[in-house]
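Structural characterization, general
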Amino acid sequence: MGALGYHAQDERKWNTVEGQPNSDGFLADGLEHYWEWSLESRLSHLSLTAKYQPAGLAGREEKGDLAPARPAPPDGIAARRRRRHFLAAAPMASQDVLSQTTRLASSSALLQVLFRAVTFGLNAFTLRHLSRELLGVVNVRLTLLYSTVLFLAREAFRRACLSGSTKRNWTKTINLLWLTVPLGVFWSVFLGLVWLHLLEVPDPSVVPHYQAGVVAFGLSAIIELLGEPFWVLAQAHLFVRLKVIAESLSVVSKCVLTVILVILYPQWGLYIFSLAQLLYTSVLVMCYIIYFGMFLGSPEATKKSFPVTRMKALLPKVVEDETFLNWKEARLTWSFFKQSFLKQILTEGERYVMTFLNVLNFGDQGVYDIVNNLGSLVARFIFLPIEESFYVFFAKVLERGKNVKDQKQDDIAMAANVLEQLLKLVLLIGLTITVFGYAFSQLALDIYGGSMLSSGTGPNLLRCYSLYVLFLAINGVTECFTFALMCKEEVDRYNFVMLALSFTFLCISYFLTHWHGSVGFILANCFNMGIRIAHSTHYIYDYFKESTYRPLTGLLPSPVLMLIYVISGVITAFSEVFFCCDKGWMARLIHISIGAVCFAATIITMFCMETKLVHFVRSQFLSRYMKKGT
């Protein structure tokens, strides 16, 4: 992934139906045989926005009080049975959201594996035709400009506008979202000047056309912001196909164009990546525009009572006798904006240190970023879709700012059990990557990029990143729950925590890099994630302490399974010493076979010891695939 500088911010969702009309439009028509959606889930999806209210409430009375969906649950045996079988006993509105959310995450992960496998192979090809310095400038310097503009211009708007119900004044929400465009223009111009005049300019003989690259990447960010109202509408209404298909098409277009230009015009330098980046954002925005142009006003949109009926309604509009914006959303956006500024430093901190402090040359930056992108494949394919999808789930099922006693207890039972199983799921995935990644890092880099990556610091970088994946896994789930429930005041208080953590992280990154080279960046990121996990788990503990639910027990795997992990790690580490990676392909195959046996033993133990998790994955993530095979 590293050759083209793809990052994890925007991995998206999709779904489709075999033998049924597409609920989300025409884009998935040619791919409808990849996944199957049961008729029951489809009917619940079509009625979701009509019957679902904020925070999972089944309805509200005119005076604004809650209208209970059913009598209060009894104590005793029935209550315990309901908690054990929370998925079957949950209210239909919450159950629909859970069904939509798990479909959102699993479909997203599977489709991304399909499309990213193509780009992975194309990147491995281009890696052998480009210099390390050019990769460093593209993947670190210019991609940092692009991601910073997007993050500062839209992240806060996305979080604020996705909170609460789909039943809202969408005209005011769309007006608010269009403010991302002037914000994006401001940040593109301001940061573009910084990138051109205050930062070190690469040697033109090694990395030509740097100025054109800065302009192109800044412009591409502005183009992408033009599709922000469409993106929020699609995400809020759980259009599970559109986002992944649009971004997959744009990523593949970008990758194919890059490969063609690298082969035909290698002397173009940054012109290649500039044109590919502009193509990426243009295809992305056009997919959204074409999709909504065909969907709005269609019988399907009418059937779903979609709140927008014409494309013209997606433009800024002044309504007489009403304010231009929803000021509650605007204030929440400002709170998230202050937080997003700090979170961007934490997310891209190592690239800021590289860019502004010059602790690594462009060649070392290129190798670090390739390893960083290769190591984050699991985070892109699995953790990010889960985090984004279940943020929507928790935000809809539970009401922001209310404690556990004031929520509907059926929804609390569902949220607690889902959180527990998600924590266990990502923990085991992270442990598997950490244990087996240590012994197979050098082999993976040698296959992917040859000696340029497998020699030097590359293998140690990937080994450290395997440990970092474990921190990423836990942090993603704990923070998605925390941010879904924090009220405005709690978000503001958290800003001070992020401020202190940002400063500490940058200092630690600087010093660790001087002591341990590029490995220091990953160690600093582990420290950063550890502090954020501690904060989120403390919030979760406080939230549930007055209830009978303890979702943090999901972070405690079976002792037998932990023993198998330790044994597998020791065996594969010795296997690497004796069989990898300069002893020929036969020795490599032996090393791979030993790892496969250890991995199989780990999976079998997992199935035997973590039965509750296996049932959760089967019933929520894999149910429709199992139905298709029966």
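- Per an unreviewed UniProt entry, the protein chain goes by the name Protein RFT1 homolog and belongs to Cairina moschata.
- Under Subcellular location (unreviewed entry), UniProt gives the following word-for-word description of the protein chain: "Endoplasmic reticulum membrane".
- Under Sequence similarities (unreviewed entry), UniProt gives the following word-for-word description of the protein chain: "Belongs to the RFT1 family."

A closer look at the overall build of the protein chain
- If you tally the helices and strands in the protein chain, you get 26 helices and zero strands.
- Expressed as a percentage of its 630 residues, the buried residues of the protein chain come to 59%.
- The contacts in the protein chain between residues at least 6 apart in sequence include a share of 81% that link residues at least 24 apart.
- For the protein chain, the accessible area works out to roughly 25200 Å², and carbon and sulfur atoms hold 67% of it.

A short note on the pattern of salt bridges
- Overall, the coordinates contain 10 salt bridges when judged by the stated rule.
- Through salt bridges with shared partners, a single ionic network connects Arg154, Arg158, Glu224 and Glu228.

Remarks on the packing of helix α6 (residues 132–161) against helix α10 (residues 228–236)
- α10 packs onto α6 with a crossing angle of 30 degrees between their chain directions and a minimal axis gap of 10 Å. Where α6 crosses over α10, the handedness of that crossing is right-handed. Judged by residue contacts, Arg154, Arg158 and Cys161 of α6 engage Glu228, Trp231 and Val232 from α10.
- Taken together, the residues of the contact of α6 with α10 sort by class into three nonpolar, no polar and three charged.

Things to note about the packing of α10 against helix α12 (residues 270–295)
- Following both chains from N to C, one finds α10 and α12 inclined at 60 degrees, their axes separated by 9 Å at the closest point. As far as their axial angle goes, α12 and α10 are oblique. Judged by the twist between their axes, the crossing of α10 over α12 is left-handed. The segment α10 lies against α12, with Phe230, Trp231, Leu233 and Ala234 engaging Tyr288, Ile289 and Phe292.
- Tallied by class, the residues present in the contact of α10 with α12 amount to seven nonpolar, no polar and no charged.

Let's talk about unusual backbone geometry
- Notably, His209 is not glycine yet its phi reads approximately 65 degrees, a positive angle.
- Note that His209 resides in the loop between α8 (180–197) and α9 (210–225).

Let's talk about the packing of aromatic side chains
- Considering all chains together, one arrives at 23 aromatic pairs under this definition.
- Pairing Phe436 with Phe599 gives two aromatic rings, centres 5.7 Å apart and planes at 75 degrees, and the pair type is edge-to-face. Here the residue Phe436 occupies a position in helix α18 (residues 409–449), and Phe599 occupies one in helix α24 (residues 585–609), the gap between them amounting to 163 residues.
- In this structure Phe599 comes out as partly exposed when scored by relative accessible area, which is 39%.

Some remarks on α12
- An ideal rise of 1.5 Å per residue puts 38 Å on 26 residues; α12 measures up with 38 Å between its terminal C-alpha atoms.
- Immediately downstream of α12, the backbone of Gly297 shows phi near 85 degrees, a positive value.

Section: the nonpolar core
- Within the largest apolar cluster, 151 residues are counted, with the highest numbers of intra-cluster contacts made by Trp195, Tyr288, Phe292, Phe306, Phe394, Phe481 and Phe544.
- Residue contributions to this core peak at 19 residues, all from α18.
- Beyond its immediate stretch of four places on either side in the chain, Phe292 contacts Phe230, Leu233, Ala234, Phe239, Leu242, Phe306 and Met311.

Thresholds, definitions, all that
Residues numbered from 1 in each chain as written. Predicted model: local features only at pLDDT ≥ 70, side-chain atom pairs only at ≥ 80, totals over all residues. Heavy atoms only, no water. UniProt positions renumbered as here; feature names shortened; annotations may be inferred. Helix = DSSP H or I, 4+ residues; strand = E, 2+ residues; numbered from the N terminus. Buried < 20%, exposed > 50% of the residue type's maximum accessible area, 1.4 Å probe, protein only. Contact = heavy atoms within 4.5 Å. Areas by Shrake-Rupley, 256 points an atom, 1.4 Å probe, with all protein chains shown as cover. Salt bridge = Lys/Arg side-chain N within 4 Å of Asp/Glu carboxyl O. Axes fitted to C-alpha atoms, helices over the stretch in contact; angles between N-to-C directions. Left-handed = near helix turned anticlockwise from the far one by under 90°. Nonpolar A, V, L, I, M, F, W, Y, C, P; charged D, E, K, R; others polar. Parallel < 35°, antiparallel > 145°, perpendicular 65-115°, else oblique. Phe/Tyr/Trp six-rings, centres within 6.5 Å; stacked < 30°, edge-to-face > 60°. Expected span 1.5 Å × (residues − 1). Core = buried A, V, L, I, M, F, W, Y, C linked by side-chain atoms within 4.5 Å.

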